[in-house]
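A closer look at the structure
The chain contents come next:
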Protein chains: 2
Amino acid sequence: MLQKKIIKILTDAGYKLTRQRRIIIEVLLKNRRPLTALELYNQAKHRLPAISHDTLYRNLEVLSFLKVVSRINARGGDLFELEKHHHHHFTCLQCGEVKCLDGCPIGPGQLAEARRQGLEVVYHKFELSGYCNKCKPAERM
Amino acid sequence: MLQKKIIKILTDAGYKLTRQRRIIIEVLLKNRRPLTALELYNQAKHRLPAISHDTLYRNLEVLSFLKVVSRINARGGDLFELEKHHHHHFTCLQCGEVKCLDGCPIGPGQLAEARRQGLEVVYHKFELSGYCNKCKPAERM
DNA sequence: CTTTCTGCAAATCGTTTGCAATCCT
DNA sequence: AGGATTGCAAACGATTTGCAGAAAG
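Residues numbered from 1 in each chain as written. Chains lettered and ligands numbered in written order. Predicted model: local features only at pLDDT ≥ 70, side-chain atom pairs only at ≥ 80, totals over all residues. Heavy atoms only, no water.

Details of the packing of helix α2 (residues 19-30) of chain A against helix α4 (residues 53-65) of chain A
All names here are of chain A. Contact geometry for α2 and α4: axes closest at 10 Å, N-to-C directions at 70 degrees. In this view, α2 runs roughly perpendicular relative to α4, as classed from their interaxial angle. Once α2 is placed against α4, the crossing between them reads as right-handed. Across the interface between the two elements, Q20, R21, I24, I25 and L28 of α2 pack against T55, L56, N59, V62 and L63 of α4. For the contact of α2 with α4, a count of residues per class yields six nonpolar, three polar and one charged. (Axes fitted to C-alpha atoms, helices over the stretch in contact; angles between N-to-C directions. Helix = DSSP H or I, 4+ residues; strand = E, 2+ residues; numbered from the N terminus. Parallel < 35°, antiparallel > 145°, perpendicular 65-115°, else oblique. Left-handed = near helix turned anticlockwise from the far one by under 90°. Contact = heavy atoms within 4.5 Å. Nonpolar A, V, L, I, M, F, W, Y, C, P; charged D, E, K, R; others polar.)

Put into structure tokens, the structure is as follows:
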């Protein structure tokens, strides 16, 4: 998703385009991987020292609501990233690193049970965990 | 998973069987759906008024570590449930209700991309969201 | 101008910690 | 007995809130 498109989504929804919003979007665009709120904050602060945590959180909320940003619930704080292409993540149980997985292996077959229960699925998240290349040979437990 | 089996796992791992642990396990057994720590606390407190939050959290940690309990990272607090049969969940975006889905539609095909990246997958979570039967006809947004 | 948005500071929520007392085995 | 486990109280980190002033349309 390009910056222009994101800004259009924002303004079309009646939100104003503030300096801090522009910077938050730029930071998200530059980092195409899931980041913690703190990481985003630090990068944004670098560009606009006066920015505050609450502004960041408020805007991540707005951007999540508009489906521009996807929020990944994780232990120790949620992660945020631009909803560019739909994809999923792998978290290493040892070192905690989060890797993006290309593509989405979820098709109608995987949604059959929910449909059977009469549920209307509008979104799904598929999160893998295990051991990354680095941590695979290490001791476990 | 039966109570006996759970207790065996616990003691085999060198943990002691305390009153609070027994009660936490009983509460988990009675509620075969994901609960917040607070819900678990309230139910456990009903049986043992002196039980404390920290004891509950510490034991949920132990039980998660032993894979007896699965912990679901969620907005507003993690959810916990007995790892009975492996399955997944659906969350209604409108009313917040969490429903369990029978079975698991994830097979080797869905793990191919992670494997290709050399990742060793030991666990996965598949979370659906959308609108439940009750909320389907309602206004959205 | 009017409404939305920001920064501040303080509050809140879920969860964790240090410690002395208490409980299992 | 002796380490594991508890309850307490206090600390913690992530996130949210109320509010008055600042900025966008």
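Once the structure has been displayed, the description carries forward.
Observations concerning the interface of chain B and chain A
Opposite the 40 residues of chain B that make contact, chain A presents 40 residues. Here chain B meets chain A over a buried area of about 3,300 Å², counting both sides, of which 53% is carbon and sulfur. Across the chain B-chain A interface, the total number found is four salt bridges. With its nearest N and O atoms 3.7 Å apart, the salt bridge here joins D78 of chain A to R75 of chain B. Taken together, the connections running from chain B to chain A amount to eleven residue pairs in polar contact (both at pLDDT 80 or more). Mapped by element, the contributors of at least two residues to the side of chain B that touches chain A are α4 (53-65), β5 (98-101), α5 (108-116) and β6 (120-131) of chain B. Of the residues forming the side of chain B that touches chain A, the biggest block, twelve residues, is contributed by β6 of chain B. Of the residues in the side of chain B that touches chain A, the class split is 19 nonpolar, nine polar and twelve charged. Pairing analysis gives eleven bridges linking strand β6 (residues 120-131) of chain A to β6 of chain B, with the strands arranged antiparallel. Residue pairing for β6 of chain B: E120 of chain A is matched across the bridge by Y131 of chain B. (Buried area = accessible area lost by both parts, 1.4 Å probe. Salt bridge = Lys/Arg side-chain N within 4 Å of Asp/Glu carboxyl O. Polar contact = N/O pair within 3.5 Å; in protein donor to acceptor, adjacent residues only side chain to side chain. Pairing = 2+ DSSP bridges.)

What to know about the packing of aromatic side chains
Using the criterion set out here, one finds one aromatic pair over all chains in the structure. The interplanar angle of 90 degrees and the centroid separation of 6.0 Å between the aromatic rings of F126 of chain A and F126 of chain B together place this pair among those described as edge-to-face. Here F126 of chain B lies in strand β6 and F126 of chain A lies in strand β6, a pairing that spans two chains. Assessed through its relative accessible area of 1%, F126 of chain A is described here as buried. Over the ring of Y123 of chain A we find K67 of chain A; its NZ or CZ atom is 5.3 Å from the centre of that ring. (Phe/Tyr/Trp six-rings, centres within 6.5 Å; stacked < 30°, edge-to-face > 60°. Buried < 20%, exposed > 50% of the residue type's maximum accessible area, 1.4 Å probe, protein only. Lys NZ or Arg CZ within 6 Å of the ring centre and 35° of its normal.)

Examining α5 of chain B
All names here are of chain B. Buried within α5 we find Q110, L111, E113 and A114. Taken down its axis, α5 places every buried residue within 135 degrees of arc, on the same side. α5 presents P108, G109, R115 and R116 as exposed residues on the side facing more than 90 degrees away from its buried surface. Just beyond α5, the residue with positive phi is G118, at close to 80 degrees. (Arc of directions from axis to C-beta.)

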